[in-house]
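Chain by chain, the residues:
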Amino acid sequence: MKTTSIIAAGMTLFAGAAFADMPVLSVYTYDSFTSDWGPGPTIEAAFEETCACDLQFVGAGDGAALLARIRLEGARTDADIVLGLDTNLTAAAMATGLFAPHAVTATGLTLPIAWDDPVFLPFDWGYFAFVHNTDMENVPGSFTELAASDARIIIQDPRSSTPGLGLLMWVEAAYGPDAPAIWDGLADNIVTVTPGWSEAYGLFLAGEADMVLSYTTSPAYHLIAENDATKTAAMFTEGHYLQVEVAGMLAGTDQPELAQDFLRFMLTPAFQEVIPTTNWMYPAALPADALPPGFETLIQPETALLLSPEQAAEARDGALATWQAALSR
Amino acid sequence: MASRTQPLGHLQWTGAAVAALVLLAIVAPLAAVAWRADAAARLGAADWAAIRFTVIQALLSAILSVVLAIPVARALARQRFRGRGLVVALMGAPFLLPVIVAVLGLLAVFGRNGWVNHGLAFLGLPTIEIYGLHGVVLAHVFFNLPLAVRLLLQAWLAIPSERFRLAQSLGFSASDMRRHFEGPMLRMTAPGIFLVIFLICTTSFAVALTLGGGPRATTVELAIYQAFRFDFDLGRAALLGLVQVAICATAALAILGAAVPQVLGAGLDRAPVAWPRARQHRFGDYAAIGLAGLFLMTPLVALALQGVPALPSLPSVAWAAAGRSVILSILTAFVAIGFALPMAALIARGQGRTGLELVGALSIAVSPLVIGTGLFLLLFPVANPVALALPVTGLVNALSALPFLLRALVPAMIEAEATQGRLATALGMRGWSRFRLAILPRLRRPLGFGAGLAAALSMGDLGVIALFSAPSQGTLPLEMYRLMGAYRTDDAQGAALLLLVLSLGIFWLFDRGGRVNATT
C-alpha cells in the first residue's frame, strides 16, 4: 500500500514537472460543461493534441454563478477565457471591463441570427420551449393558448436559474408591454417554480406536470441516449426565444495567443461535433446535415426571438418585478 | 450545578478557542462580503415579505416537528419489541438526505402523480395538492421529525433506571411519570431541539421554493441568491445574511432563555428496567410508531424502488465520488467531535452559558452562500480556493454539525457533571483523568449519535463544494446533481440510493459504536 502511494505521489510530481514547461490555458466554465457527462473532457483532449499546452477547465455553478465568480476575482483572476455566459449576461460582463475583443473572424456560423459581437463568440445555442409527452392532449400552440388552457407547467426561478431568466425574456420579447397580462394568465398553470433546471426537469419526469420549460433539443436526449421517442416540444406561434452561449477572452490573460487559438478551435468541427450529444444544444458552427441522427426529428421554430444584450439588461428588472407580482397573487 | 469554582482546564480552554473560531467563521465571511460591497443596502418591501415567510414556515415546521416527535420518542423509549433498533436507525434517514432527493421521494408519495393521489383517485375521492405553505411544512417535518425523535429519545433514555425502579415500586401512573420525570426532562431538552430545527428551516431555500409553489415562498436565503447572482449586489447579500443571523439569534436568545436546566438525580448506570405499566400504553405507542414509520418510510421506499435498477450500472465516477464522500464524512465527524466536546465541557460549567449556546447554535444560521462567497474572498488573495475545496468543505461541514452535536452532548454533560462531578472532585480527580473516568463514560451514547449525525450530514450535504467545485474532486451529492443536470435521471436516482445507503450505514456504525455496552 505504502509503496504504491509513494510511487503515485512520485508520478504526480513527475507529471507536474512534465506540464511545467507547457503554457497553461485556464478556461472558466459552468459546472455541467466540465463534468464527465459534459463536453469538457473530450474537448480538453482534442485541444491538447494540437496546442502543446495544458488546458484546464475550472467549473463554477451555472452561467450566472460564473459571471459572479469572475466579478469576485476581478482583474486578479487566473482565467484566460470564460466560456458559458449567455446573451442575457453579456451586457453585465462587458460592463466589468474585464473582457477583451477576440479579434477572431468567425466564419461558418450556423446561428438563426446574424452575429457581430467583437468580444463574445458563440459556441452553441438552443431554443427555449415547453417539453411534454407525445400523448399529451390539446397541446397549447402559444402563450395565450397555454394561459387559457388547464395545462400544468413547471418553470425555473429567474433569480436562481438561467432558463428561468430566459422565459422572462421570451415573454418580454414576444409581448413587450402586454407581458403582465400573459403572466397573469399563466399564474394558475404554474405548478411550481424550482431553483434550477435539474429540479424542474426531474419533477416533470416524475409526472408532476404536463410541461416543463426546457429546450427544443431536450427530446433529442431521450431519443438518442434512451431510445425513447415519447418526449417532444410544443411549437409556439409567437416564436421561440434563443439562448446563445458564448465565450470571451479576459483582457488580463497572460496567454493571449493561446486564448485566441482556443476561440478559433471552438468553431472547428473537433469542438462543435461534441456539443450536440453532450451539451444537448445546437452547435454554433456546424451545418444541419452534420448533426447526429435524431436531431432532424426536433421541432423547427419559424421565428427566433432574441433581445440584444443591452435590451435584455434594460428589460430585466422590470420583467422580474412583473413576474413576481403576477405569481405572488 | 456544575462546579463553578474550578479553574478552566485544558478542555475548557480548547472549548473557548472553538467558540472563538465559530464566531470568526460566522463574522469573517459576512464581513468579507460586506467589505467588497459598493454601497450600503436597505431592505425593501419584498425583503420584509421574505423575512415574514421565512419565520412563519420555520416556526410552524419546528413546532410540528417537536410536538409530533414527543409521542413517538416516548413510545420508542417505553416499548420493547423485536427490530426496535432497526426502526430507530431507519427513522433517522430523512434527515440525512440531500434536499432534492428527499423532495423527489416526498413527491413520489404526496405529489400529483404520487401514490396517495393514485389511491384517492382509485377510490373516487378528490386528490390533494402538495404545493404551498403546507407542502413546505410537510417537507420540513419529514426532514426534522426524525432528528427531534432521536434527540428526545436520547433524553428519555438518559433518565436513570433507578428512577424507574422507584416509580415502579410506588405504582406511578402515566400522569405521575409525566409530572416527575418527563415534564422536567422535556422542559430541559425540547426548547433546544425546537431551536435547531427552527434554525435549519430558516436557511431553507430549495425545499421552500420547490414545494412552496412560486415566488410567494421566497425565503431570505433565496433573496440572498438574487442579490448575489441576479443583481451582484454584495452589500444586499451581506445585509440579508445579517438579517438571517439576526432572526436566528433572536430565536436562540428567546428559546435558550426559556429552557430550564434540570437534573433528574444521579443513577448508578444500572441496566434499564421496563417502564411501569408499559403494556397499558401498547396500543397508543404502537400507533404512534406505526404512523411515524409510515410517514417517514414510504418516501424512502419509493426512492429505493426507483434507485435499485440503476445501481449496478452506476458510472465509475459516482463510485469514486462516493469514496471521497465517505472519507470526507468520517474526517468531518472527528473534527466535529473535536470542536463539540470541549465546547460542551465549557458550556456545562455554567458560566456565560447562554452566550456560548448562542454561538454554538449560530453556525447553521449563516447562509451557506454567504459563507462560501466570504471564504472565497478571504482565501483568493492567499491561495487557490479550488485546490482547498475539500478541506474547506469538511471544515464548514464540521462547523455546521456543531449545533446538533451540542444538542446531544450538553444535556448529558451537565447531567454527568452534576451527578458524578462532586464525587470526582472529592476524590481529587483532575484534568484529563477526571474527564476520562467520570464524565466521558456518560457521554458515550450522545457522542456516538453526534458523530454519526455529523458524518451523515456531511455525506448528504452539497455544502460549499458546489461553489468551489473542482471538476475532478466532486463529492457524491455534487456528482448526483451533475447527473441530474445531464438528463441522466436514472443514474441520478441510483446515486441518490447509494448516498442514502452510505449515509445511513455510516450513521449506524457510529451510533452503534456509542452504544457498545448499553442494553438498548
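Residues numbered from 1 in each chain as written. Chains lettered and ligands numbered in written order. Predicted model: local features only at pLDDT ≥ 70, side-chain atom pairs only at ≥ 80, totals over all residues.

Let us now look at the overall build of chain B. Helices and strands together make up the secondary structure of chain B, namely 21 helices and 0 strands. Computed over C-alpha atoms, the radius of gyration of chain B comes to 23 Å, within 12% of the 24 Å expected from 2.2 N^0.38 for 520 residues, which places it in the range of a compact globule. The principal-axis extents of the C-alpha atoms in chain B amount to approximately 65 × 60 × 45 Å. Classification of the 520 residues of chain B by burial places 55% in the buried group. Counting contacts in chain B only where the partners sit at least 6 residues apart, residues at least 24 apart contribute 87% of the total. (Helix = DSSP H or I, 4+ residues; strand = E, 2+ residues; numbered from the N terminus. Rg over C-alpha atoms; globule rule 2.2 N^0.38 Å. Buried ≥ 20, exposed ≤ 12 C-beta atoms within 10 Å, placed from the backbone. Contact = placed C-beta atoms within 7 Å.)

So, about the nonpolar core. Counting 282 residues, the largest nonpolar core has Val212(A), Ile197(B), Ala340(B), Ala344(B), Leu409(B) and Met413(B) as the members making the most contacts within it. Sorting elements by how many residues they give to this core places helix α17 (residues 389-426) of chain B first, with 18 residues. No fewer than three residues from each of domain 1 (2-125 + 243-295) and domain 2 (126-242 + 299-327) of chain A sit in this core. If you look at the next biggest cluster of nonpolar residues, it comprises 6 residues, including Ile159(B), Ala167(B), Phe172(B) and Met177(B). (Core = buried A, V, L, I, M, F, W, Y, C linked by C-beta atoms within 7 Å. Domains from an automatic or database assignment.)

Tallying the contact residues gives 43 residues for chain B and 42 residues for chain A. For the side of chain B that touches chain A, the secondary-structure elements that each account for two or more residues are α5 (99-110), α10 (206-212), α11 (220-230), α16 (368-379), α19 (465-468) and α20 (476-485) of chain B. With 6 residues, α11(B) is the largest single contributor of residues to the side of chain B that touches chain A. Each residue belonging to the side of chain B that touches chain A can be placed in one class, and the counts come to 28 nonpolar, 10 polar and 5 charged. (Nonpolar A, V, L, I, M, F, W, Y, C, P; charged D, E, K, R; others polar.)

Attention now goes to unusual backbone geometry. All names here are of chain A. Of note, Ala-103 is a non-glycine position whose phi angle comes to about 55 degrees, a positive value. For Trp-280, which is not a glycine, the phi torsion comes out positive at approximately 50 degrees. Note on placement: Trp-280 falls in the loop between α12 (269-272) and β11 (282-283). According to the C-beta neighbour criterion, Trp-280 is buried, with 22 such atoms within 10 Å.

Attention shifts here to the packing of helix α14 (residues 316-348) of chain B against helix α18 (residues 431-460) of chain B. Residues and elements named next belong to chain B. At a closest axis distance of 8 Å, the pairing of α14 and α18 adopts a crossing angle of 135 degrees. For the element pair α14 / α18, the angle class is oblique. α18 is crossed by α14, and the crossing has right-handed handedness. For the pair α14 and α18, contact is made by Ser-325, Leu-328, Ser-329, Ile-330, Thr-332, Ala-333, Ala-336, Ile-337 and Ala-340 and by Leu-447, Gly-450, Ala-451, Ala-454, Ala-455, Ala-456, Ser-458 and Met-459, respectively. Residue composition of the contact of α14 with α18, by class: 12 nonpolar, 5 polar and no charged. (Axes fitted to C-alpha atoms, helices over the stretch in contact; angles between N-to-C directions. Parallel < 35°, antiparallel > 145°, perpendicular 65-115°, else oblique. Left-handed = near helix turned anticlockwise from the far one by under 90°.)

Another aspect to go through is the environment of Thr77(A). Residues and elements named next belong to chain A. Mapped onto the fold, Thr-77 is located in the loop between α4 (63-73) and β3 (81-86). Residue classification places Thr-77 among the buried residues on the basis of 20 C-beta atoms within 10 Å. As a C-alpha pair, Thr-77 and Ser-26 span 51 residues in sequence and 10.0 Å in three-dimensional space.

A few words now on the confidence of the model for chain A. Residues and elements named next belong to chain A. Looking at chain A, the pLDDT average stands at 90 and 94% of residues meet or exceed 70. Between the elements of chain A, mean pLDDT differs from a low of 44, seen in helix α1 (residues 2-20), to a high of 97, seen in strand β8 (residues 211-215). In the predicted structure, residues 1-18 sits below a pLDDT of 50 and forms 0 contacts with residues beyond four places in sequence or in another chain. (pLDDT = per-residue confidence, 0-100.)

Residue and element names in this part refer to chain A. Entries for chain A in the domain assignment read domain 1 (2-125 + 243-295) and domain 2 (126-242 + 299-327). The distance between the C-alpha centroids of domain 1 and domain 2 comes to 27 Å. Opposite the 21 residues of domain 1 that make contact, domain 2 presents 20 residues. Broken down by secondary-structure element, the contributors of at least two residues to the side of domain 1 that touches domain 2 are α4, α5 (90-95) and β10 (240-250).

On to α4(A). Here α4(A) lies mainly inside the structure; 9 of its 11 residues are buried. Taken together, the buried positions of α4(A) are Gly63(A), Ala64(A), Ala65(A), Leu66(A), Leu67(A), Ala68(A), Arg69(A), Ile70(A) and Leu72(A). On its buried face, α4(A) sits against β1 (24-29), β3, α5 and α7 (162-175) of chain A together with α11 and α16 of chain B. After α4(A) finishes, the residue Gly74(A) shows a positive phi value of roughly 65 degrees.

Bringing the pairing of strand β6 (residues 153-156) of chain A into the picture now. Residues and elements named next belong to chain A. The alternating pattern of β6 places Ile-153 and Ile-155 on one face and Ile-154 and Gln-156 on the opposite face, and all of these are buried. Where β6 lies against strand β7 (residues 190-194), 4 bridges are found, and the strand directions are parallel. Within β7, the position partnered with Ile-153 by the bridge is Ile-190. Direction of pairing for β6 relative to β8: parallel, over a ladder of 2 bridges. (Pairing = 2+ DSSP bridges.)

Another aspect to go through is the confidence of the model for chain B. Residues and elements named next belong to chain B. Here chain B averages 82 in pLDDT, while 91% of its residues score no lower than 70. For chain B, the element scoring lowest by mean pLDDT is α19, at 64; helix α2 (residues 45-78) scores highest, at 92. Contacts from residues 1-5, a stretch scored under 50 in pLDDT, to residues over four places away or in other chains number 14 contacts. Of the regions scoring below 50 in pLDDT, residues 516-520 engages in 5 contacts with residues more than four places distant in sequence or in other chains.

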